[in-house]
Amino acid sequence: MANEWLLLFPEKVRALLRGLPAQLLQKVEEIRVREGRPLEINYSGGKYHFLGAGGSLTLNPEEAYKPDREDAHRLLDLISNHSLYTMEEELRKGFITIPGGHRIGLAGRTVLSGGGVEHLRDITGFNVRIAREVPGIADGVLPYLLDKGRQRIMHTLILSPPQHGKTTLLRDLARQISAGGKNMREGNRPGLKVGIVDERSEIAGSRRGIPAFDVGPRTDILDGCPKAEGMMMMIRSLSPDVLIADEIGRLEDAEAVTEALHAGISVVASAHGKEVSELARRPGLGALLEHQMFERYVILHRTETGLTFRILDGQKRSLLLVSPGEALGGERHA
């Protein structure tokens, strides 16, 4: 079913979303539901509007539909599959990832225990992030990550602010690396064993262990597993050629990445940030940069006119620049 994510929403909110033009509905990235406040959507990489009657868009919050308590309770019931008490760990982290890789951020009152957050209650705010796969989005990237002489993938860090396409790119890289391929640039490229540590269930969107997205025929997934622990489990028991993880940054993540590299396993990971220089101030990532663990950096930045797309080598020299409006195949060298 197209746009199956609409079924996440209570009936009144769903009806308003269905009122959007079909083309725009395909571009929706976030829906923000706040009890008693205007219903808001984000589409096409940063265009925000409130949603009014009949699916009309407005910049005036007074013209927008305001979800009521029944809407908020019904939405929480739907995303928790009518069993909120089974999602204590997700409530402690402040988000729920549901089948299909869709991630719902939660806002409400925190309950503290031992100086930390134990869980959330009185949840009245939801940020529903829609996950989509875009086959082929990695076409212009993958050739720059190949070490053809050694038939391997170079250690790569993908960098961007939140919601600029890191996870979507990782998903397609996993698919293409796992499947192998043949084209004029790459020649014959054998498929490799890929291991995905999918802590937030966003890359593969697994449900009961089965990925909702195509992540390739030679791919193993540890779903819902902390990244550092999952990478070590992969190294010990699943012998991947390539490890893929989203949003690394903690010291233990960096230690696991280092262990993988020393074991001869390629790592393709992502992190939040606008420039490589920002990472040097972070305890974990700073050490990886200092020791030049990564051989490639892919930097994504979305603007109103499109995606700026840069690839740097391990010494942070520019190899590729794709400007806004250019197709990935229309790259120019810097």
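Residues numbered from 1 in each chain as written. Predicted model: local features only at pLDDT ≥ 70, side-chain atom pairs only at ≥ 80, totals over all residues. Heavy atoms only, no water.

### Brief notes about the environment of leucine 288
- Take leucine 288: it is sitting in helix H9 (residues 283-290).
- Taking the C-alpha atoms as reference, leucine 288 lies 8.5 Å from valine 257; in sequence the two are 31 residues apart.
- Among all residues touching leucine 288, those that are not within four sequence positions of it are Ala254, Val257, Thr258, Met293 and Phe294. (Helix = DSSP H or I, 4+ residues; strand = E, 2+ residues; numbered from the N terminus. Contact = heavy atoms within 4.5 Å.)

### Focus on unusual backbone geometry
- Even without glycine at this site, serine 239 takes up a positive phi of about 40°.
- Counting through the fold element by element, serine 239 comes out in the loop between helix H6 (227-237) and strand S15 (242-245).
- Residue class for serine 239 comes out partly exposed when judged on its relative accessible area of 44%.
- Look at glutamate 247: it is not a glycine, yet its phi comes out positive at around 55°.
- Mapped onto the fold, glutamate 247 is located in the loop between S15 and helix H7 (251-262). (Buried < 20%, exposed > 50% of the residue type's maximum accessible area, 1.4 Å probe, protein only.)

### Some details on the nonpolar core
- Counting 32 residues, the largest nonpolar core has Trp5, Phe9, Leu17, Ile31 and Phe126 as its most contacted members.
- Elements with a contribution of two residues or more to this core: helix H1 (11-18), helix H2 (22-25), strand S1 (28-34), strand S2 (40-43), helix H3 (69-79), strand S5 (95-98), strand S6 (102-113) and strand S7 (116-129).
- Excluding residues that lie within four positions of it along the chain, leucine 17 makes contacts with Trp5, Leu6, Phe9, Leu25, Ile31, Ile41 and Leu51.
- Counting residues in hydrophobic clusters, the runner-up holds 30 residues, among them Leu159, Met231, Leu289 and Tyr297. (Core = buried A, V, L, I, M, F, W, Y, C linked by side-chain atoms within 4.5 Å.)

### A look at the pairing of strand S3 (residues 47-51)
- Here S2 pairs with S3 via four bridges, running antiparallel. In the sheet register, glutamate 40 faces S3, and the bridge partner there is phenylalanine 50.
- In terms of strand pairing, S3 meets strand S4 (residues 57-58) through two bridges, oriented antiparallel. Residue pairing for S4: phenylalanine 50 is matched across the bridge by threonine 58.
- The turn joining S3 and S4, which pair antiparallel and follow one another in sequence, is formed by five residues; a positive phi near 70° is taken by glycine 54. (Pairing = 2+ DSSP bridges.)

### Comments concerning the confidence of the model for the protein
- Here the protein shows a mean pLDDT of 88. Residues at 70 or above account for 92%.
- Predicted confidence in the protein is weakest over strand S11 (residues 181-183), with a mean pLDDT of 69, and strongest over S15, with 98. (pLDDT = per-residue confidence, 0-100.)

### Some details on the packing of H7 against H9
- Where H7 contacts H9, the two axes come as close as 7 Å, and the packing angle between them is 30°. One element, H7, and the other, H9, form an angle in the roughly parallel class. For the crossing formed where H7 meets H9, the hand is right-handed. Judged by residue contacts, Leu251, Ala254, Val257 and Thr258 of H7 engage Pro283, Gly284 and Leu288 from H9.
- Residues belonging to the contact of H7 with H9 are distributed by class as follows: five nonpolar, two polar and no charged. (Axes fitted to C-alpha atoms, helices over the stretch in contact; angles between N-to-C directions. Parallel < 35°, antiparallel > 145°, perpendicular 65-115°, else oblique. Left-handed = near helix turned anticlockwise from the far one by under 90°. Nonpolar A, V, L, I, M, F, W, Y, C, P; charged D, E, K, R; others polar.)

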